Amino acid sequence: MKKGGFLVFIGLLAFLGLVFYQPLFSVLRRGLTEGGRWSLSPLATILTDSYFVHIIVFSLKQAAFSTLLSLGIGLPGAYLLTRYSFPGKSAIRSLTVVPFVLPAVVVALGFILFFGESGWLNQWLMSVFHLPSPPLHILYSLTGIVLAHAFYNAPIVMRLVNASWEGIDPEIDEAAASLGAGGLRRFVGITIPLLTPALLSSAALVFIFSFLSFPIVLALGGARYATIEVGIYTLIRTLLDYKLGSALILVETALSLSLTYVYLKAEGGFATLTQGSRRVATYPLFSRKASMCKMVIAAYIIIAAVFFLGPISSVLVDSLLVRGQWSVESYRQIFSLGYNPFLGVSPLRTVLNSLFIGGISTAISLPVGILIAMFAVRSHLPGRRLLEAILMAPLAVSSVAIGFAVLYGLGGAPLHLSGTLIAIALAHAILTYPFVVRVIRPVLEGLDQSLVEAARSLGASPTRAFFEVILPLIGPGILVAAVFGFALSIGEMSATIMLMRPGLGTMPIAVYSLLSARQFGAASAMGMILVVVAGIAFVVIDRLGKRGVGCRTLW
Amino acid sequence: MSDLVVKGLAKSFGDVRALREISFTLGRGEFLTLLGPSGCGKTTTLRLIAGFERPDAGEITLDGRSIVNDPPEDRQLGFVFQTYALFPHMNVAKNIAYGARLNRSISTKRRVGELLDLVDLKGFERRKPAELSSGQRQRIALARALAPQPRLLLLDEPLSALDAKLRESLRAQIRHIQQELALSTLYVTHDQEEALSLADRIAVMRSGKIEQIATPQQVYEHPQTEFVASFVGRANRFSGTVTATKDGLISVKVGEFLFSLIREEGLSDDLRASQLTPGDHVSLFVKEERLQLTEMRENAISAQVALVEYRGETSIVYLKTQIGSLRARVSTKQTTTLSTGSEVKVSFSPSAGLLFLAP
Ligand SMILES: Nc1ncnc2c1ncn2[C@@H]1O[C@H](COP(=O)(O)OP(=O)(O)OP(=O)(O)O)[C@@H](O)[C@H]1O
Ligand SMILES: [Mg+2]
């Protein structure tokens, strides 16, 4: 690395130290002090109190169930995507990115509208089967949480396992067949072992996401089903108990770091697999011949379609339905400047707040992410792997914890960020820059260094070479990263709610407040704006992301 | 066009000493190839001259002026990369124009036309690099390097990614263009056939040093070191002991056999200057095509045919003898009567043996 680059990198480390590491450390330290002294007693309280033990166990339990269900729904999908050809296949493959940009609170809203006691599914079942009362009691229970997590995570399983499956050289399977192994033996003895790294890493990833999930549990769990994230939120925002809140963050961070370690181990196994020269053969799904197998597949597709499309369509329908009539009244309400009692501000204000925060946070996370990606690709420093892992730490820390760290570490002197939109934007930047790194890094890795040398030998200065050769080649990747970071910020609710003050509400917070107040029309209209933002992000990522910015790189 | 003088170049990457001591000159309009096995430092030499890396020690002068401290963009050298490094976001015309455009004195549009003419790719202006075959890409890379009228052309294994037929035709094209433009050229390859057929002179490299620098014929027929003798062409090697030197002849004992060699032909310059004395341990090299299956008076041994490999005009005959296995390349006509197990006499003329002191 050249001298100038080195200085910039030191500056970056100092910045992250100020806004992330130092605040996080002071939170963790707070969880280890009692009356100004180092002490294990807050930790002991957490680990012995039956309520806290209960929420820790519940967090792990719901994450385990969510993982199993996500695998159960995702694996058949991965199988279909790999082995069959059908119209819309590549569209479905692209759509698996959507959960990443779709705000969790919108999914929660969709679940309430679709699976709730008076939701569309229950109403439909009651009218078809002439039932006197709703047959499904899904929400506000473990089932509701697990289903919503599966909605979110099954596509990830599907995508990761499908990618790995297609990467297996079909000649390996053919070699086994030529040696006399039958279909089942090949599947058990060849395919499954080769897919194991993908299975393990997607399972670990889903487990981490579910373990750290906050808006879904908050909205769908009800009072009885709190996870660690909800526990931290309650301790800090309702009970103002920073000490126990910090101790709980300490426990959570220890657990999530261990889980992340497992994930990274599993992900490492991926590399050796992608050597397939020829693609796996596929069968047309819609052919004349009907069979038992086809029936099962058809049933799966119908159930999956209802499961994934139902909640989202419900949000759309409810946003346009006022007292049983089609109307755009809810949208008019959302774009009004008038004070809304449920939000504490005008709805339009929350839209503007979100846009402002999204802009600032992207303006920070983009350069930070690009610099880290450049460092990861170019540097030959000893210990750079470790440094890289440390720089990606926000991935392994929960959003609620990061929100609190910003509040606790930067809220007071000297920056006095408490109660400002900047604080929220900073928290979002910390949460999103690792994703920027993951998008940009493969783009930089794919950049042939000799292109720059070619430009130089033809007479271009380093600056010219950058603007005429490098930038046009990595530009689309940067745009994808920016859009992705922006969309994540727009949909973020967990860190935001920790830093919330009256007047600072954002769109996801507005959705949550409105649905808590059972203002489903307005909540749905606001939710639809978020869906549209997510949709635009999806289109950009899908169109520009073709080269280099593979879906796998997003997680 | 230009005179390049390289003196005492050294370069290490961490613990790896890529170049130990590289010195040579490249005359005006001369075509010099750097030939050597993988990892010997050919690419590194080229990159130091182009300015992509800085040497740890040594001088590089072009037309009498040191260029060691110039950035690559000021050196006016054309570089053709092994992977071509065409700009993927620009079409063929823009790629070629890139360098010409940065050089004010050149009319870009005309230059692009001229160069596409030169490399026989008229009409490809609008294609993107991804829409070209690898041979076409290679020629565009050459055209792009030539466009700014470089003082020196550097090529790093430009043909290594192509199939044999294409390699041969492009080789001729490169040589033709180089001569037409009288362009001083440094060409890296690890393919000896390429080096022998293209170059005015060859520098044979080994672990960061130049072993011998001479015309292709000299390198092939009078290798100065054991490494060059074994790397260029295919030779049979024997270990032996000198028994006598007199009357311009040297006798060498290999196993039971006594071979005689002509001193003037068989010794490197260094060895000729020093005294070779009876009892010295030596390595004896005989090129595969210098072994003969006709019986001669001198240097004949009996052998058994192990395998005959048909190669068209010539054939390779593998032989078993008392002093080890041999490989001979002979005219296919001579092999019609041979079959596995045939007994033959194999011999070589006294002028065909090359001697090196055993290390
Ligand atoms: N950037 C680098 N960092 C570390 N080592 C390097 C670097 N570039 C070259 N080397 C080492 O220097 C030595 C010479 O490399 P060089 O690329 O010059 O060889 P070469 O003769 O071009 O080989 P090849 O025929 O395989 O291209 C090798 O041992 C190589 O591993
Ligand atoms: Mg090389």
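Parameters and conventions
Residues numbered from 1 in each chain as written. Chains lettered and ligands numbered in written order. Predicted model: local features only at pLDDT ≥ 70, side-chain atom pairs only at ≥ 80, totals over all residues. Heavy atoms only, no water. Patch = residues over 30% accessible without salt bridge, like charges linked within 9 Å, V, L, I, M, F, W, Y side chains within 5 Å. Areas by Shrake-Rupley, 256 points an atom, 1.4 Å probe, with all protein chains shown as cover. Salt bridge = Lys/Arg side-chain N within 4 Å of Asp/Glu carboxyl O. Lys, Arg positive; Asp, Glu negative; His and termini not counted. Charge placed at Lys NZ, Arg CZ, Asp CG, Glu CD. Helix = DSSP H or I, 4+ residues; strand = E, 2+ residues; numbered from the N terminus. Buried < 20%, exposed > 50% of the residue type's maximum accessible area, 1.4 Å probe, protein only. Near = heavy atom within 4 Å. Polar contact = N/O pair within 3.5 Å; in protein donor to acceptor, adjacent residues only side chain to side chain. Pairing = 2+ DSSP bridges. Axes fitted to C-alpha atoms, helices over the stretch in contact; angles between N-to-C directions. Contact = heavy atoms within 4.5 Å. Nonpolar A, V, L, I, M, F, W, Y, C, P; charged D, E, K, R; others polar. Left-handed = near helix turned anticlockwise from the far one by under 90°. Core = buried A, V, L, I, M, F, W, Y, C linked by side-chain atoms within 4.5 Å. Right-handed = clockwise from strand over helix to strand, strands pointing away. Phe/Tyr/Trp six-rings, centres within 6.5 Å; stacked < 30°, edge-to-face > 60°. Parallel < 35°, antiparallel > 145°, perpendicular 65-115°, else oblique.

(A) Inspection of a positive patch on the surface at higher detail. Residues and elements named next belong to chain B. Taken together, the side chains of K94, K109, R126 and K128 make up a positively charged region of the molecular surface. When you line up the elements, K109 lands in helix 3 (residues 108-118). Exposure remark for K109: the relative accessible area of 77% places this residue in the exposed category.

(B) Local environment of the site of ligand 1. Residues and elements named next belong to chain B. Around ligand 1, the neighbouring residues are F13, V16, A18, S38, G39, C40, G41, K42, T43, T44, E157 and H190. Contact distances for ligand 1 include 2.7 Å between an oxygen atom and a backbone N or O atom of G39. Between ligand 1 and C40 there is a distance of 3.2 Å, counted from an oxygen atom to a backbone nitrogen or oxygen. Relative to its unbound accessible area of 630 Å², ligand 1 is 61% covered by the protein chains.

(C) Spatial organisation of the sheet that holds strand 15 (residues 300-310) of chain B. Residue and element names in this part refer to chain B. Spatially, 17-16-15-18 is the arrangement adopted by the four strands of the open sheet, whose pairing is antiparallel. Both edges of this open sheet fall to strand 17 (324-331) and strand 18 (343-347), since each of them pairs with a single strand only. Ignoring which end each strand starts from, the neighbouring axes of this sheet average 50° apart.

(D) Spotlight on the interface of chain B and chain A. Taken together, the contacts link 22 residues of chain B with 19 residues of chain A. Counting across the interface, chain B meets chain A through two salt bridges. A salt bridge links R47 of chain B to E453 of chain A, with the nearest nitrogen and oxygen atoms 2.6 Å apart. Applying the counting criterion to the chain B and chain A interface returns four residue pairs in polar contact (both at pLDDT 80 or more). Elements with a contribution of two residues or more to the side of chain B that touches chain A: strand 6 (77-80), helix 2 (92-102) and helix 4 (134-146) of chain B. Considering every element that reaches the side of chain B that touches chain A, the biggest residue donor is helix 2 of chain B, with four residues. Tallied by class, the residues present in the side of chain B that touches chain A amount to 15 nonpolar, three polar and four charged.

(E) Up close: the sheet that holds strand 12 (residues 249-254) of chain B. Residues and elements named next belong to chain B. The strand order across the open sheet formed by five strands is 13-12-11-14-19, and the pairing between neighbours is antiparallel. Every other strand in the sheet has two partners, leaving strand 13 (257-262) and strand 19 (353-357) as the edge strands with one partner each. Put simply, the sheet's adjacent strands are angled 40° from each other on average, direction ignored. Here strand 12 pairs with strand 13 via six bridges, running antiparallel. Bridge pairing in strand 13 links L249 to I262.

(F) Broad picture of the packing of helix 8 (residues 142-166) of chain A against helix 10 (residues 183-211) of chain A. Residues and elements named next belong to chain A. Interhelical geometry of helix 8 versus helix 10 gives an angle of 145° and a closest axis separation of 9 Å. Handedness of the crossing formed by helix 8 with helix 10: right-handed. Seen from helix 8, the contacting residues are H149, N153, I156, V157, L160, V161, S164 and W165; seen from helix 10, they are F187, T191, L194, L195, A198, L199, S202, L205, V206, F209 and S210. Looking at the contact of helix 8 with helix 10, its residues break down into 13 nonpolar, six polar and no charged.

(G) Quick peek at the pattern of salt bridges. Per the counting criterion, the structure on display carries 24 salt bridges over all chains. Across the pair R151 of chain B and D63 of chain B runs a salt bridge, and its minimum N-O distance is 3.7 Å. Of this pair, R151 of chain B sits in the loop between helix 4 and strand 7 (152-156) while D63 of chain B sits in the loop between strand 4 (57-62) and strand 5 (65-66), and the two are 88 residues apart along the sequence. Residues participating in the shared-partner salt-bridge network are E388, R441 and E445 of chain A.

(H) Representation of a nonpolar patch on the surface within the structure. Together, W124, V128, F129 and L131 of chain A line one region of the surface with nonpolar side chains, adding up to about 400 Å² of accessible area. Here L131 of chain A falls in the partly exposed class, since its relative accessible area comes to 31%.

(I) Representation of the side chain of Q138 of chain B. You can see Q138 of chain B is positioned in helix 4. The residues contacting Q138 of chain B, other than those within four sequence positions of it, are V80, Y84, P158, L159, L162 and L170 of chain B.

(J) Seen up close, the nonpolar core. In terms of nonpolar packing, the biggest core is built from 197 residues, with F111 of chain A together with L4 and I49 of chain B touching the most fellow members. If you tally residues by element for this core, the top one is helix 19 (residues 421-445) of chain A, at 16 residues. In terms of nonpolar packing, the next biggest core, distinct from the first, is built from 45 residues, V80, A93, A100 and L146 of chain B among them.

(K) Broad picture of the side chain of E492 of chain A. All names here are of chain A. Considering the arrangement of structural elements, one finds E492 in the loop between helix 21 (462-491) and helix 22 (494-499). Nearest to the buried, unbridged E492 among oppositely charged side chains is R237, at 11 Å. A distance of 2.7 Å separates a polar atom in the side chain of E492 from a polar atom in the side chain of T496. With residues up to four places along the chain from it excluded, the contact list for E492 reads S399, H428, L431, T506 and P508.

(L) Examining the environment of P197 of chain A more closely. All names here are of chain A. Take P197: it is sitting in helix 10. On the basis of relative accessibility, which here comes to 18%, the residue P197 falls in the buried class. Expressed as a C-alpha distance, the spacing of P197 and D173, which sit 24 residues apart in the sequence, is 18 Å.

(M) Structural detail: unusual backbone geometry. All names here are of chain B. With a phi close to 50°, A85 is a non-glycine residue in the positive phi region. For A85, the location among the structural elements is in the loop between strand 6 and helix 2. On the basis of relative accessible area, A85 is assigned to the buried category, the value being 2%. Although it is not a glycine, A182 adopts a positive phi angle of roughly 50°. Topologically, A182 is positioned in the loop between helix 5 (164-181) and strand 8 (185-189).

(N) Local environment of the pairing of strand 7 of chain B. All names here are of chain B. The buried fraction of strand 7 amounts to five of the five residues, a majority that puts the element mostly inside the structure. Judged by which residues are buried, strand 7 turns out to be covered on both faces: L152, L154 and D156 on one side and L153 and L155 on the other are all buried. Inspection of the sheet shows strand 6 paired to strand 7 by four bridges, in the parallel sense. Across the sheet, V80 pairs through a bridge with L155, a residue of strand 7. Regarding the hand of the β-α-β motif, the stretch spanning strand 7, helix 5 and strand 8 is right-handed.

(O) Molecular detail of the packing of aromatic side chains. Scanning the entire structure with this criterion turns up 31 aromatic pairs over all chains. The interplanar angle of 80° and the centroid separation of 4.9 Å between the aromatic rings of F114 of chain A and F115 of chain A together place this pair among those described as edge-to-face. Of the residues examined, F115 of chain A reaches a relative accessible area of 7% and is grouped as buried. Between F31 of chain B and Y187 of chain B, the ring centres sit 5.6 Å apart and the planes meet at 40°, which makes this aromatic pair tilted.

(P) Molecular detail of the packing of helix 8 of chain A against helix 14 (residues 292-319) of chain A. Residues and elements named next belong to chain A. Two elements in contact, helix 8 and helix 14, have axes separated by 11 Å at closest approach and are oriented at 115°. Looking at the two axes, helix 8 sits roughly perpendicular to helix 14. Here helix 8 and helix 14 pass one another in a crossing that is left-handed. Contacts from L147, A150, F151, A154 and P155 of helix 8 reach helix 14 at F307, F308, P311 and I312. Looking at the contact of helix 8 with helix 14 residue by residue, the classes come out as nine nonpolar, no polar and no charged.

(Q) Spotlight on the pairing of strand 14 (residues 281-287) of chain B. Residues and elements named next belong to chain B. Taken across its seven residues, strand 14 has six buried, putting it largely inside the fold. Inspection of the sheet shows strand 11 (residues 235-246) paired to strand 14 by seven bridges, in the antiparallel sense. Within the sheet, the bridge partner assigned to R237 lies in strand 14 and is F285. Pairing analysis gives five bridges linking strand 14 to strand 19, with the strands arranged antiparallel. Directly across from V282, in strand 19, lies its bridge partner L357.

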